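The lines below spell out each chain.
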Amino acid sequence: MTSRSFNQSFLSITLTQGSTDSFRKGSIETNFHIEEKQVAEELNPGERARILRKLDWHLLPFVSLLYMLSFLDRANVGNAKVAGMSQDLHLIGFRYNIAAAVFFILYSFAEVPSNIALKLFRPSRWIPTIMIAWGLVMTLMCLVDSFRSLVVARLFLGLTEAGLFPGVTYYISLWYPRSEQSKRIAIFFSAATVAGAFGGLLAYGIEHMEGIGGLHGWQWIFLLEGIATLLVACLSFFLMHDYPETAKFLTETERAYVIDMLKQDANNLATHYHIRFVLQAMKDYKTYVQVLIYMGLLVPVYAIALFTPTIINELGYSAAHAQLLSAPPFLAGCITTISVGVLSDKYQIRGPFIIGGAVVSIVGYILLYCDGPAGMSYAGVCLAAIGVYPTIAVDLAWAGSNAGGDLKRGVVIAMVIGLGNLGGICSSFIYIDPPNFHIGHGTMMGFLFLSILLSLFAMWDYGRLNKKKKALCQAQGLTDSRRDEFKDMGDASPLFR
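Description of the structure in this document. (Residues numbered from 1 in each chain as written. Predicted model: local features only at pLDDT ≥ 70, side-chain atom pairs only at ≥ 80, totals over all residues. Heavy atoms only, no water.)

Notes on the pattern of salt bridges
Worth spelling out the cut-off: Here a salt bridge means any side-chain nitrogen of Lys or Arg lying within 4 Å of a carboxyl oxygen belonging to Asp or Glu. Secondary structure follows DSSP: runs of H or I at least 4 residues long count as helices, runs of E at least 2 residues long count as strands, and numbering of each begins at the N terminus. Three labels apply to residues, based on accessible area from a 1.4 Å probe with only protein chains included: buried if under 20% of the type maximum, exposed if over 50%, partly exposed otherwise in between.
Counting across every chain of the model gives 14 salt bridges. Measuring nitrogen to oxygen at the nearest pair gives 3.2 Å for the salt bridge that ties E161 to R74. Note that E161 is positioned in helix α7 (residues 147–161) and R74 in helix α2 (residues 45–88), a separation of 87 residues in sequence. The same class applies to E161 as to R74, namely buried. Through salt bridges that share partners, R48, D56, E180, K183, R184, D345 and R350 make up one connected network.

Structural notes on the packing of aromatic side chains
Selection rule: Geometry of aromatic contacts follows a simple scheme: Phe, Tyr and Trp rings, the Trp one being its six-membered ring, pair when their centres are within 6.5 Å, and the pair is stacked under 30 degrees between planes, edge-to-face over 60, tilted otherwise. Cation placement over rings: the criterion is NZ of Lys or CZ of Arg within 6 Å of the ring centroid and within 35° of the ring normal.
Scanning the model with the defined rule gives 22 aromatic pairs in all. One aromatic cluster is present, formed by Y67, F71, F103, F104, Y107, F165, F188, F189, Y302, F330 and Y389 through successive ring pairs. Over the face of the ring belonging to Y96 we find K81, whose NZ or CZ atom lies 5.2 Å from the ring centre. A cation sits over an aromatic face here: K286 above Y285, 5.3 Å from the ring centre.

Looking at the side chain of N79
We apply this condition: Residue contacts are defined here by distance: any two heavy atoms, one from each residue, within 4.5 Å place the two residues in contact.
Along the chain, N79 falls in helix α2. Sequence-distant contacts of N79, that is, excluding residues within four places in its chain, are made with G199, G200, A203, P309 and Q323.

Considerations on helix α16 (residues 351–369)
What counts is decided by this rule: Multiplying one less than the number of residues by 1.5 Å gives the expected span of a helix.
For α16, spanning 19 residues, the distance from its first C-alpha to its last is 27 Å, which sits close to the expected 27 Å at 1.5 Å a residue. The inward-facing, buried residues of α16 contact α13 (285–314), α17 (374–401) and α20 (438–476). One or two positions beyond α16, positive phi appears at D371, with a value near 55°.

Here's the deal with unusual backbone geometry
Here the bond from P434 into P435 is cis, since omega is 0°, no more than 30 degrees from zero. Turning to its location among the elements, P435 is positioned in the loop between α19 (423–429) and α20. Positive phi, close to 55°, is recorded for Q348, a residue that is not glycine. Within the secondary structure, Q348 sits in the loop between α15 (327–347) and α16. Positioned with a positive phi, F437 is a non-glycine residue whose angle comes to about 55°. Assignment of secondary structure puts F437 in the loop between α19 and α20. Classification of F437 by relative accessible area gives buried; the value is 2%.

Brief notes about a nonpolar patch on the surface
Quick reminder of the rule: Excluding any residue in a salt bridge, patches collect residues exceeding 30% relative accessible area, merging like charges within 9 Å and nonpolar Val, Leu, Ile, Met, Phe, Trp and Tyr side chains within 5 Å. Accessibility throughout is a Shrake-Rupley quantity obtained with a 1.4 Å probe, and a residue counts as covered only by protein chains that appear here.
Where nonpolar side chains cluster on the molecular surface, the patch consists of I105, L106, F109, V152, F156 and L159 and spans about 510 Å² of accessible area. Counting residues per element, the ones that place at least two in the nonpolar patch are α4 (103–109) and α7. Among the secondary structure elements, F156 is positioned in helix α7.

Concerning the environment of I349
Position of I349 among the secondary structure elements: in the loop between α15 and α16. Overall, the relative accessible area of 35% leaves I349 in the partly exposed class. Sequence separation between I349 and S182 is 167 residues; the distance between their C-alpha atoms is 9.8 Å.

Distances and angles like these do not, on their own, reveal function.
What follows is the structure, given as structure tokens:
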């Protein structure tokens, strides 16, 4: 379902402040009196672009930093493994895989409650609070001295990190219309690729602190990266903006424009909390189609994050060189993630970009599976990352833009990310046959093919539903003037595309 365009027009706008229980908590009730004359003169496309850029500069750099820290903290166990943690904690057999996997258990099931809490509380309070929680866990992971303590720490790290990625993805949807979300989510998610690259370089440097303060190099990785998270979490209480209604960096005219832009994009669907919107998300089969698409993409993403240093190490490179060589695939993934996100918004298509990225990633895994020279296999690692990383942002924009109503969209995004992250457990257990890793590479190709097939189905299904709604509106004469009648129906509204 593509985003609806809206009338970029205003003559006069007046604002009255007050409380409202049908809009976001803590927001300002805004009444608009808009005359449809001289509409293009006040806010033309250039002015719209300027306002969106203003939102970008005030929102995206900081939330991207938050996610970079989040991904760095969850994936640094791979760098710590190569830096000597396996030997010091006696991670024999499947112990490392178990330590990597337990992160996803509580992480997956805490995401829906967290997004509901984000709706009930202010983002500038909820997100910094969970950051402090996982920052403390990350910092204290430097004290783990056994396999058991590592497992417990990773379990709680998953619980405390759970709310950030779905929360910020939902947060972005509260500021931007659906047609503008893919590139913003792509910029935000590209922080994961930066974290992957930066993590390897950082680990290479921190390893040389071996023995300082009686700690091993891998312990210093946990300690320093945890402290960085805590420092940024404290700043978050003051630097995060909640909603357009309360954003101090917007002028009154800009604020009114953004709010009206979002209301028209949402077809005036409900924005308040009610349990029926949660149930709408949970009962919608389209939610589970998107969960499986996302899972098929996320399994390779986590495998790349957790095992790239190990895979490169097994190609014959030293541990130190493996840390350094793990950076280029992530940097290439960062560039393609942003580029594909921009193109997806420009052409307003999602499915083809997901399919195309999955195909590129499959080519990379074929190169890895063929056991060619080290250079060819390393090129396969790069292609795997270049192909799959851009698909995550596009898929989340696709899932969110097809969920009507604020709360349902928040729950759908959390379900897609939460249930999809159960695939991370699989990612942790499939690279078990070094040095060739045929089981792992073959499994990655299977999950990518799953995403391709389901993306094809989703494209057909969304098109079918749009045609059906269009025919209903034509048959019954339904127009936007009657949209208030369908405000509680979510994306089932015949006016929602």
